[in-house]
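For reference, the chains in residue letters:
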Protein chains: 4
Amino acid sequence: MPDQKKSSDKIWKILRELYERKIPFNKVLGLKIESLKVEEVRVKFEMKDAFVGNYVHGILHGGVISAVLDTTGGLTASLGVLQKMAGQTPEKFGKSLTKIGTIDLRIDYLRPGKGNYFVATGAIMRAGRRVSVTRMELYNDQDVLIAVGTGTYIVG
Amino acid sequence: MPDQKKSSDKIWKILRELYERKIPFNKVLGLKIESLKVEEVRVKFEMKDAFVGNYVHGILHGGVISAVLDTTGGLTASLGVLQKMAGQTPEKFGKSLTKIGTIDLRIDYLRPGKGNYFVATGAIMRAGRRVSVTRMELYNDQDVLIAVGTGTYIVG
Amino acid sequence: MPDQKKSSDKIWKILRELYERKIPFNKVLGLKIESLKVEEVRVKFEMKDAFVGNYVHGILHGGVISAVLDTTGGLTASLGVLQKMAGQTPEKFGKSLTKIGTIDLRIDYLRPGKGNYFVATGAIMRAGRRVSVTRMELYNDQDVLIAVGTGTYIVG
Amino acid sequence: MPDQKKSSDKIWKILRELYERKIPFNKVLGLKIESLKVEEVRVKFEMKDAFVGNYVHGILHGGVISAVLDTTGGLTASLGVLQKMAGQTPEKFGKSLTKIGTIDLRIDYLRPGKGNYFVATGAIMRAGRRVSVTRMELYNDQDVLIAVGTGTYIVG
């Protein structure tokens, strides 16, 4: 149905616009949404000199890693909200997005973050009415698992 | 003893130089070490438009919070290493600093991060030979507790 | 006012009865509430052979530690609910207690759990309408800090 | 080679004996190792009245869940140590087992723990020389995901 497709396109636009352009710190991180499906959330960012933590080895700062994984978790939780709101207007969905916030976050730093670019993925563990839980993973450009995380988000 | 004082001054210089200037992402965050004593680690940073997460309310991005608390935890763990290395040369201490890395991190986001500047504090829970555990807290300029964290660091 | 005091006594009775006797696994752990004030939540349990993890050194099993700290965190969150429900009947309070559940938990094992008895304390970091966050600590009978924890609880 | 096979059998015996029988609290939990391969660590336990947390609904106490997941994580970390010690005698392996301890643990409680029995699985995220990181999952007898966890263990 043309109206539903227009609605759906509008929602993807809202999400992409929000996460890539409207959230200032996401712009600093240079985040780009590569895939936005419930079964596959992927976010990519390029390495920059400004992101270095260990300057001797040119390794990603742990804070960049936690920021990207937290944002990816929030984006994944948003998709869970979207699923529950199937049929709602894009405007209503956009409004509920503003209510999503991180309650807590755990990051495990497994290997040094070396690479030209990195990809973060997210998966929903539990999509509740009030609270969602997601798991996230960060890979470098050689598909090496750099870090993993778990996030708890308030969604309603 | 003059030599010990010169050594001690040299060590504070090494730590400050490292955390404020040599680590690129710390410069992006604008971190400034206010206090560097075992019983009082304090790090301050000013709010910037680039640090915003929720642009509607002008609130700190969760990624800035996790980055600052992780860095403060690492700095706190460094002091634990310093204590154990009393008597060692500044060069040896500087070298051991490069071995410190975050194993894992938990951040709890308690209240929206609104303020002109923020202060992060750290305290050592356990200073081991190989692993240290620290607790961190983030306050805004009204002394409101914005977030807390716990970090586990490899130190040897 | 006599009615308020009877109400208050009734509420403490409800909490103590629930946590010490009605929750079967708390009975297995032998938990005893020592103090039940917002500014001081204390729970005590005696060491038992059945609680040993490392049989070589007679040290507390990590699972006993996490169980006790989680329960103490839930109890602490309950007090936060109680504060918000000042004036409500004990029955209404008892009913809201059944809604409290752990969302997630972090435990840091700092030192071996050796002792004849142990005391767990809890403090509220944030008492929200829907979600509460608490910090917990476990000491042995020599006041040595054995473990710390942070818990996120759904409270409404 | 017969000697290697006898060695291998001896090692499985050591692990099973340790985790099911020698660790008192594991006996209280009634843990049974179902599978002990690096690619598949599975631990099972039966529901008991003593394990109830919410007596209204007959649901598993969160402390039982954290205890089982922590133990499963430690068992998984042990296998990582075993891999690195290929060729060592069972006695040497047994000795290194005593050095494994939990540094920290995160548990996410996703759904109420209802069932006749439960199965916990573990997977290694990182098997280091000093520190290992594992992810764990708990399913009920209907294959519903009840809880997940991440554990950091000192292994050397």
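Cut-offs and rules
Position labels on residues start from 1 in each chain and follow its written sequence. Both sets of labels track the order of writing: A upward for chains, 1 upward for ligands. It should be noted that, the model being predicted, local features are given only for residues of pLDDT at least 70 and side-chain atom pairs only at 80 or more, the latter also being counted only at that level, while totals for whole chains, interfaces and linings use all residues. Side-chain numbers here rest on the full set of heavy atoms in the structure, without hydrogens or water. A score between 0 and 100, pLDDT records how confident the predictor is in each residue. By the convention used here, residues are in contact when the closest approach between their heavy atoms is within 4.5 Å. What counts as buried area is the accessible surface, traced by a 1.4 Å probe, that two parts surrender upon association, with contributions from both included. Here, a salt bridge means any Lys or Arg side-chain nitrogen found within 4 Å of an Asp or Glu carboxyl oxygen. For this analysis, a polar contact is any N or O atom pair within 3.5 Å, provided that within protein one partner can donate a hydrogen and the other can accept it, and provided that sequence-adjacent residues contribute only side-chain to side-chain pairs. Helix numbering and strand numbering both begin at the N terminus, where a helix is a DSSP run of H or I of at least 4 residues and a strand a DSSP run of E of at least 2. We call Asp, Glu, Lys and Arg charged. Ala, Val, Leu, Ile, Met, Phe, Trp, Tyr, Cys and Pro are nonpolar, and the rest, Gly among them, are polar. Strands pair, by our definition, only if DSSP identifies at least two bridges between them. Each copy is superposed on the other by least squares, with the fit set by C-alpha atoms of residues at a pLDDT of at least 70 in both. Note on geometry: axes are lines fitted to C-alpha atoms, helical ones only across the stretch in contact, with angles between N-to-C directions running from 0 to 180 degrees. A simple rule labels every residue: compare its accessible area, found with a 1.4 Å probe on the protein chains alone, to the largest value its type can have, and call it buried under 20%, exposed over 50%, or partly exposed in between. Note that the term roughly parallel is reserved for angles under 35 degrees, roughly antiparallel for angles over 145, roughly perpendicular for angles of 65 to 115, and oblique for everything else. Here is the rule for handedness: rotate from the far helix to the near one, and if that takes an anticlockwise turn smaller than a right angle the crossing is left-handed, while a clockwise turn gives right-handed. Patch membership requires more than 30% relative accessible area and the absence of a salt bridge. Residues of like charge join within 9 Å; the nonpolar side chains Val, Leu, Ile, Met, Phe, Trp and Tyr join within 5 Å. Only the protein chains shown count as covering a residue, and every accessible area follows the Shrake-Rupley method with a 1.4 Å probe. This count recognises Lys and Arg as positive and Asp and Glu as negative, with His and chain-terminal groups excluded. The location of each charge is read from NZ of Lys, CZ of Arg, CG of Asp or CD of Glu.

Student: Break down the confidence of the model for chain A for me, with residues and values.
Tutor: Scored by pLDDT, chain A has a mean of 91; 97% of the residues are at 70 or more. Interface predicted TM-score (ipTM) for the complex: 0.92; the corresponding pTM is 0.94.

Student: How would you summarise the interface of chain A and chain B if you had to cite specific residues and measurements?
Tutor: Opposite the 32 residues of chain A that make contact, chain B presents 32 residues. Three residues stand out in chain A for area buried against chain B, namely A:Phe25, A:Tyr55 and A:Tyr109, and they jointly supply 25% of the buried area on that side. Here chain A is connected to chain B by two salt bridges. Note that A:Arg106 is salt-bridged to B:Asp104, the shortest N-O span being 3.5 Å. Across the chain A-chain B interface, the total number found is 15 residue pairs in polar contact (both at pLDDT 80 or more). In terms of residue count, strand β5 (residues 101-109) of chain A provides more of the side of chain A that touches chain B than any other element does, eight residues in total. When the residues that make up the side of chain A that touches chain B are grouped by side-chain class, the tally is 16 nonpolar, 10 polar and six charged. Strand direction decides the pairing type here: β5(A) and strand β5 (residues 101-109) of chain B, joined by five bridges, are antiparallel.

Student: Give a description of the interface of chain C and chain D that names residues and reports values.
Tutor: Listed per partner, the contact involves 32 residues of chain C and 32 residues of chain D. Between chain C and chain D the total buried area reaches about 2,400 Å² when both faces are included, carbon and sulfur atoms providing 60% of it. Remark: the boundary between chain C and chain D carries two salt bridges. Linking chain C to chain D there are 15 residue pairs in polar contact (both at pLDDT 80 or more).

Student: Before we move on, could you go through unusual backbone geometry and cite the residues and values that matter?
Tutor: Despite not being glycine, A:Asp143 shows a phi value in the positive range, around 65°. Position of A:Asp143 among the secondary structure elements: in the loop between β7 (131-140) and β8 (145-154).

Student: Now, about the relation of the copies chain C and chain D: what can you tell me, with residues and values included?
Tutor: Laying chain C over chain D is done by rotating through 180° and shifting 0.0 Å along the axis; what remains is an RMSD of 0.0 Å. The two molecules are tied by a two-fold rotation axis, judged by turn and shift. In terms of C-alpha distance to the rotation axis, chain C has C:Arg106 as its closest residue, with the C-alpha 2.2 Å off the axis. An overlap of 100% is found between the interface residues of chain C and their copies at the interface of chain D, pointing to a shared contact surface.

Student: Please set out the sheet that holds strand β8 (residues 145-154) of chain B residue by residue, giving values where relevant.
Tutor: Across the sheet, which stays open at both edges, the 12 strands sit in the order β1(A)-β2(A)-β6(A)-β7(A)-β8(A)-β5(A)-β5(B)-β8(B)-β7(B)-β6(B)-β2(B)-β1(B) with antiparallel pairing between neighbours. Only two strands of the sheet have a single partner each, and these edge strands are β1 (32-37) of chain A together with β1 (32-37) of chain B. The mean angle between the axes of side-by-side strands here comes to 15°, regardless of whether they run parallel or antiparallel. Contacts between helix α3 (residues 62-84) of chain A and the sheet are confined to β1, β2 (40-46), β5, β6 (117-127), β7 and β8 of chain A together with β5 of chain B, with β7(A) contributing the most and set at about 135° to the helix. Against the sheet, helix α3 (residues 62-84) of chain B engages β5 of chain A together with β1, β2 (40-46), β5, β6 (117-127), β7 (131-140) and β8 of chain B, with an angle of about 135° to β7(B).

Student: Any details on the sheet that holds strand β2 (residues 40-46) of chain C? Residues and values, ideally.
Tutor: On the basis of which strands lie adjacent, the open sheet formed by 12 strands has the order β1(C)-β2(C)-β6(C)-β7(C)-β8(C)-β5(C)-β5(D)-β8(D)-β7(D)-β6(D)-β2(D)-β1(D) and antiparallel pairing. With one partner strand each, in any of the chains shown, β1 (32-37) of chain C together with β1 (32-37) of chain D form the two edges of the open sheet. Neighbour-to-neighbour, the strand axes of this sheet turn through a mean angle of 15°, independent of strand direction. In terms of strand pairing, strand β7 (residues 131-140) of chain C meets strand β8 (residues 145-154) of chain C through nine bridges, oriented antiparallel. The residue bridging C:Leu138 from the neighbouring strand is C:Ala147, located in β8(C). Contacting β1, β2, β5 (101-109), β6 (117-127), β7 and β8 of chain C together with β5 (101-109) of chain D, helix α3 (residues 62-84) of chain C crosses the sheet at an angle of about 135° to β7(C). Where helix α3 (residues 62-84) of chain D meets the sheet, it contacts β5 of chain C together with β1, β2 (40-46), β5, β6 (117-127), β7 (131-140) and β8 (145-154) of chain D, and its direction lies at approximately 135° from that of β7(D).

Student: How would you summarise the pairing of β5(D) if you had to cite specific residues and measurements?
Tutor: Residues and elements named next belong to chain D. Burial of β5 is extensive: seven of the nine residues sit out of reach of the surface. Pairing analysis gives eight bridges linking β5 to β8, with the strands arranged antiparallel. Looking at the pairing, Leu105 lines up with Gly151 of β8.

Student: So what's going on with the pattern of salt bridges? Which residues, and what values?
Tutor: All names here are of chain D. Applying the stated rule across the entire model yields 30 salt bridges over all chains. Across the pair Lys10 and Glu91 runs a salt bridge whose closest N-O atoms are separated by 3.2 Å. Placement of Lys10 in helix α1 (residues 2-22) and of Glu91 in helix α4 (residues 90-97) is noted, with a sequence separation of 81 residues between them. The exposure class of Lys10 is partly exposed, given its relative accessible area of 43%. On the accessibility criterion, Glu91 (47% relative accessible area) is partly exposed.

Student: Which residues make up the packing of α3(D) against α4(D), and what are the values?
Tutor: If you want to describe how two helices pack, look at the angle between their axes and the distance between the axes. All names here are of chain D. Viewed as axis vectors pointing N to C, α3 and α4 meet at an angle of 140°, and their least axial separation amounts to 10 Å. Of the possible angle classes, the one that applies to α3 and α4 is oblique. In this structure, the crossing between α3 and α4 has a hand that is right-handed. Between α3, through Ser78, Val81 and Leu82, and α4, the contact on the second element is made entirely by Phe93, Ser96 and Leu97. Of the residues contributing to the contact of α3 with α4, the split by class is four nonpolar, two polar and no charged.

Student: How would you explain a positive patch on the surface if you had to name every residue and give the values?
Tutor: A grouping of A:Arg111, D:Lys84, D:Arg126 and D:Arg129 is seen on the molecular surface, where their side chains present a positively charged patch. By the secondary structure assignment, D:Lys84 is in helix α3.

Student: Tell me about the packing of α3(A) against α3(B), and please be specific about residues and values.
Tutor: Packing of α3(A) against α3(B) leaves a shortest axis separation of 8 Å and a crossing angle of 150°. Taken as a pair, α3(A) and α3(B) cross one another with a handedness that is right-handed. On α3(B), the residues touching A:Gly62, A:Gly63, A:Ser66, A:Ala67 and A:Asp70 of α3(A) are B:Gly62, B:Gly63, B:Ser66, B:Ala67 and B:Asp70. Here the contact of α3(A) with α3(B) is composed, by residue class, of two nonpolar, six polar and two charged.

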